[in-house]
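In case you want the letters, here they are:
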Amino acid sequence: MSDQEIINALINGDEEVTHRFFFITCRPLFQHIINYVFPWHVDYDEVVNELYYELMKDNARKLRNFEFRSTIFQWLKVVAIRHFIRKRDELIENRHENSLLEKNDVAVDETHQISARLDLEALFACMSNKRYAYILKKLQIEGVAPKQLAEELCITVDNLYNIKRRAMVALAHIALKDVQKYGKNGSY
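Reading guide: rules and limits
- Residues numbered from 1 in each chain as written.
- Predicted model: local features only at pLDDT ≥ 70, side-chain atom pairs only at ≥ 80, totals over all residues.
- Heavy atoms only, no water.
- Helix = DSSP H or I, 4+ residues; strand = E, 2+ residues; numbered from the N terminus.
- Buried < 20%, exposed > 50% of the residue type's maximum accessible area, 1.4 Å probe, protein only.
- Contact = heavy atoms within 4.5 Å.
- Salt bridge = Lys/Arg side-chain N within 4 Å of Asp/Glu carboxyl O.
- pLDDT = per-residue confidence, 0-100.
- Core = buried A, V, L, I, M, F, W, Y, C linked by side-chain atoms within 4.5 Å.
- 1 Å grid on protein atoms, 1.4 Å probe; cavity = no way out; pocket = protein on both sides within 12 Å on 5 of 7 lines; lining within 4 Å.
- Points joined across faces, edges and corners; volume = space filled by probe spheres on them.
- Nonpolar A, V, L, I, M, F, W, Y, C, P; charged D, E, K, R; others polar.
- Phe/Tyr/Trp six-rings, centres within 6.5 Å; stacked < 30°, edge-to-face > 60°.
- Lys NZ or Arg CZ within 6 Å of the ring centre and 35° of its normal.

Draft legend 1. Representation of the overall build of the protein. Along the backbone of the protein there are nine helices and zero strands. In sequence order, the secondary structure elements of the protein are arranged as α-α-α-α-α-α-α-α-α. Of all 188 residues assigned to the protein, the portion counted as buried reaches 36%. In the protein, of all internal contacts separated by at least 6 residues, the share reaching a separation of at least 24 is 61%.

Draft legend 2. Main features of the pattern of salt bridges. Applying the stated criterion to the full structure yields six salt bridges. We note a salt bridge from Arg86 to Glu54, for which the minimum N-O separation is 3.9 Å. You can see Arg86 sitting in helix H5 (residues 72-91) and its partner Glu54 sitting in helix H4 (residues 44-64), a full 32 residues away along the chain. With its nearest N and O atoms 3.8 Å apart, the salt bridge here joins Arg61 to Asp58.

Draft legend 3. Summary view of the confidence of the model for the protein. For the protein, the mean per-residue pLDDT works out to 79, and 80% of the residues sit at or above 70. Averaged over each element, pLDDT in the protein is lowest for helix H6 (residues 108-126) (71) and highest for helix H8 (residues 146-153) (92). A low-confidence stretch, residues 183-188 (pLDDT under 50), is modelled with eleven contacts involving residues beyond four sequence positions or located in other chains.

Draft legend 4. Summary view of the nonpolar core. In this structure, Phe21, Phe30, Phe38, Leu55, Leu63, Trp75 and Phe84 are the most contacted members of the largest nonpolar core, which totals 31 residues. Broken down by secondary-structure element, the contributors of at least two residues to this core are helix H1 (3-11), helix H2 (15-25), helix H3 (27-37), H4 and H5. In terms of residue count, H5 provides more of this core than any other element does, eight residues in total. For Phe21, the contacting residues outside a window of four places in its chain are Ile6, Leu10, Cys26, Ile72, Phe73 and Leu76. Judged by nonpolar contacts, the second largest core, of 17 residues, contains Tyr132, Val144, Ile155 and Leu160.

Draft legend 5. Spotlight on empty space enclosed by the protein. Inspection of the entire model under this criterion finds one cavity of 30 Å³ or more. When residues of the lining of the largest cavity are traced back to their parent elements, those giving at least two are H6 and helix H7 (130-141). When residues in the lining of the largest cavity are grouped by element, the largest group, four residues, is from H6. Considered class by class, the residues forming the lining of the largest cavity number three nonpolar, no polar and three charged.

Draft legend 6. Looking closely at the packing of aromatic side chains. Per the counting criterion, the structure on display carries seven aromatic pairs. On the numbers, 5.2 Å between centres and 90° between planes, the contact of Phe21 with Phe22 is edge-to-face. The exposure classification of Phe21 matches that of Phe22, with both residues buried. Between Phe66 and Trp75 the ring centres are 4.9 Å apart and the planes differ by 45°, which places this aromatic pair in the tilted class. The buried category is assigned to Trp75, whose relative accessible area is 15%. Three or more aromatic residues joined by ring pairs form one cluster here, namely Phe21, Phe22, Phe30, Tyr52 and Phe73. Looking at Arg27, its charged tip hangs above the ring of Tyr44, at a distance of 4.0 Å from the centre.

Following this line, the structure appears as structure tokens:
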């Protein structure tokens, strides 16, 4: 189905499309977002039903305002992250008394950090050379010391830097393909 057909089916209350879209097609996306946004276990159905309600309220205003400048999945990723962060303390009873998150104290920067992390992981997943992805993730994301990673991989530090350089080139090619696929206007 095209994005337009999906939006129309959701607005028109097509139960089959709605169920397939939210509970099958988008499940990996939502599960990934939920794992990053909620520091405790939450019920997938409850959280996604809350998102569905948000999309459908006011005569499906949010769905009707989708402008098709990106894919529905990229748009929904941003909408879901923002909604889950904004409502995280209201959606599920927060059983953590010592939570580091104060109610309504979530900056827009956190939304961007989560979105960027998800984007990077999606790019890493597209890399055919999983060793490249592993090395970039360890060095650039997790901040593992080059010497420590070289020892773990049983290679020299010089060789690690050579692999990292090739991995960065491969990642750049994948990112450029991603930009071409989703458009250059940055309207995820």
